[in-house]
Amino acid sequence: MPNTLPHWFLLGAGNMGTLAAWYLTRSGHGVTVIRHASPAPLEKTLWLPDGRQQALSLPVLDPAALPDHIDNLLVAVKTPYTRQAMAAVTDHLDAGSRVLRFQNGIGALDGLLPTGCQLIEAVTTSAVKGQHPDHTVVAENATWLGGSTTPPAWFVSLTEYWPDLHWEDDIRPRQWHKLVANAVINPLTALHDVPNGQISDNPILREQATQLCEEADQVLQQLDPAWPGHSLDNVLTVARATAGNTSSMRADRQRGAQTEIDAINGWLVKQADRLGLAVPANRKMVSALTLL
Ligand code: PAF
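Residues numbered from 1 in each chain as written. Predicted model: local features only at pLDDT ≥ 70, side-chain atom pairs only at ≥ 80, totals over all residues. Heavy atoms only, no water.

### Observations concerning helix H9 (residues 265–275)
Keep this limit in mind: The buried label applies to any residue whose accessible area, calculated with a 1.4 Å probe on protein chains only, is under 20% of its type's maximum; exposed applies above 50%, and partly exposed to all values in between. Under the DSSP-based scheme used, a helix requires at least four consecutive residues in state H or I and a strand at least two consecutive residues in state E, with every element numbered from the N terminus. Two residues form a contact once any of their heavy atoms are found within 4.5 Å.
Considered for burial, the residues of H9 that qualify are Asn265, Gly266, Trp267, Leu268, Val269, Gln271 and Ala272. Elements that come into contact with the buried residues of H9 comprise helix H4 (172–192), helix H6 (203–223) and helix H10 (280–290). Two residues or fewer after H9 comes Gly276, characterised by a positive phi angle close to 75°.

### Here we look at the sheet that holds strand S5 (residues 60–61)
Note: strands within a sheet are paired through backbone hydrogen bonds, in either parallel or antiparallel orientation. Formally: The pairing criterion is simple: DSSP has to find at least two bridges between the two strands. Angles shown run from 0 to 180 degrees and are taken between the N-to-C directions of axes, each axis being a line fitted to C-alpha atoms and, for helices, limited to the stretch in contact.
Spatial strand order, S5-S2-S1-S6-S7-S8-S11-S12: eight strands in an open sheet with mixed pairing. At either end of the open sheet lies a strand with only one pairing partner, and these are S5 and strand S12 (165–168). Packed on one face of the sheet, H4 meets strand S7 (98–101), strand S8 (118–124), strand S11 (143–147) and S12 and runs near 45° to S8.

### Structural notes on the side chain of Thr32
The following threshold applies: Each polar contact in these results corresponds to two N or O atoms within 3.5 Å; when the atoms are within protein, one needs to be able to donate a hydrogen and the other to accept it, and residues that are neighboring in sequence are counted only if both atoms are side-chain atoms.
Relative to the assigned elements, Thr32 resides in strand S2 (residues 30–34). Since its relative accessible area comes to 8%, Thr32 is described here as buried. Reaching out from Thr32, the side chain makes a polar contact with the side chain of His7 at a distance of 2.7 Å. Each residue touching Thr32, except ones within four places of it in the same chain, is listed here: His7, Trp8, Phe9, Leu10, Pro59, Val60 and Leu61.

### Things to note about the site of the ligand
What counts, and what does not: The criterion for a residue being near a molecule or strand is simple. One of its heavy atoms has to lie within 4 Å of it. Calculation of accessible area relied on Shrake-Rupley with a 1.4 Å probe; when residues are assessed, cover is drawn exclusively from the protein chains displayed. Each residue is assigned to one class: nonpolar for Ala, Val, Leu, Ile, Met, Phe, Trp, Tyr, Cys and Pro, charged for Asp, Glu, Lys and Arg, and polar for all the others, Gly among them.
Around the ligand, a shell composed of Asn104, Lys178, Asn182, Ile185, Asn186, Asn196, Val238, Ser247 and Ser248 is seen. Note that an oxygen atom of the ligand is positioned 3.1 Å from one of the side-chain N or O atoms of Asn186. At 2.8 Å, a side-chain N or O of Asn196 approaches an oxygen atom of the ligand. About the coverage of the ligand: the protein hides 80% of its 280 Å² of free accessible area. Broken down by class, the residue content of the shell around the ligand amounts to two nonpolar, six polar and one charged.

### Comments concerning the sheet that holds strand S9 (residues 127–131)
Ordered by their spatial adjacency, four strands build an open sheet running S4-S3-S10-S9, and the pairing between neighbours is mixed. Strand pairing shows two members of the sheet lacking a second neighbour, strand S4 (53–58) and S9, which therefore form its edges. Neighbour to neighbour, the strand axes of the sheet diverge by 25° on average, direction disregarded. Where S9 meets strand S10 (residues 134–139), five bridges bridge the pair, whose relative direction is antiparallel. From the neighbouring strand, Gly130 faces S10, where its bridge partner is His135. On top of the sheet, helix H1 (residues 15–26) reaches strand S3 (42–47), S4, S9 and S10; it is set at about 90° to S4, its chief contact.

### What to know about the packing of aromatic side chains
Spelled out, the test is: Centre distance within 6.5 Å is the pairing criterion for rings of Phe, Tyr and Trp, where only the six-membered ring of Trp is used; planes under 30 degrees apart are then read as stacked, over 60 as edge-to-face, and the remainder as tilted.
Scanning the entire structure with this criterion turns up five aromatic pairs. Seen from their ring centres, Tyr23 and Trp162 are 4.7 Å apart, and the 35° between their planes marks the pair as tilted. Of this pair, Tyr23 sits in helix H1 while Trp162 is found in the loop between helix H3 (155–159) and S12, placing the two residues 139 residues apart along the sequence. Accessibility classification places Tyr23 together with Trp162 in one group, the buried group. Centroid distance Trp176 to Trp227: 5.7 Å. Interplanar angle 70°. Geometry classified as edge-to-face. Taken together, the residues Trp176 in helix H4 and Trp227 in the loop between H6 and helix H7 (231–241) connect sequence positions 51 residues apart. Take Trp176 and Trp227: they sit in the same class, and that class is buried.

### Notes on H1
Defined as follows: By this rule the span expected of a helix is its residue count minus one, scaled by 1.5 Å.
For H1, spanning twelve residues, the distance from its first C-alpha to its last is 17 Å, which sits close to the expected 16 Å at 1.5 Å a residue. Burial in H1 covers these residues: Gly17, Thr18, Leu19, Ala20, Ala21, Trp22, Tyr23 and Leu24. Downstream of H1 by a residue or two, Gly28 has a phi angle that is positive, lying close to 100°.

### A short note on the environment of Thr45
Structurally, Thr45 can be placed in strand S3. Note: C-alpha distance between Thr45 and His132 (87 residues apart in sequence) is 8.4 Å. Not counting chain neighbours up to four residues away, the residues in contact with Thr45 comprise Gln53, Gln54, Pro133, Asp134 and His135.

Here you go:
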């Protein structure tokens, strides 16, 4: 059986990439990091929620040494760096390749994959923080994989090692629920430099959250009339459940890194423009966080 399991090439061995690599390697999959750097393996330490410390050693390959054809690619790079990271691998992807996108937001790979290449999208509610080589799993929650395909043969065995992992034939509603939570919590906590709980507790932020949510629901309802709307309840539940946490966008801003605003509120604004809808609150978030 082990030789039938995939070998993944990984772009982005940050928090999410490391978490995915951890579960995949536990399950017997191979994971090699694509990186212009020394060929020494990446040695990581993963701190699990129960306090256990786990060592993870990931082999590294320079893009120049990639095989002509990549069977399995895991994209976990932060969304603003996707185009740049993909440039190293595009020539190695074809209709026989499978790409697993483990990123925030929507659409970061649009236009970057060859025709026929299979895309599996991941949506996770797990949270990891830290910087290479130390990654702390703050919350090990549900993760959904899916796309326009049936689950691959290895999916069931992966669920034995990846807690709370599920397959969704139609991943879109999961993506949208997460997108709205990210479109509200992330920019507001980043701009005001506050923990997630303030979205629910601070009346001014709550008012802004309400506007952002209403706009997002309007866009999503136009895209799919079956979208249930009323996203604010879900967003406030997430904000309260993660009250003390620093959102990923606040963390990016605190360390002066580019944020993922384009793939989150930027995606909503792009859809709104296409549909002729006004989304001023979301547009304001995009411009405020693009001008870092
Ligand atoms: O991006 C994040 O930080 C998380 O997805 C969330 C849910 C906003 C909680 O911090």
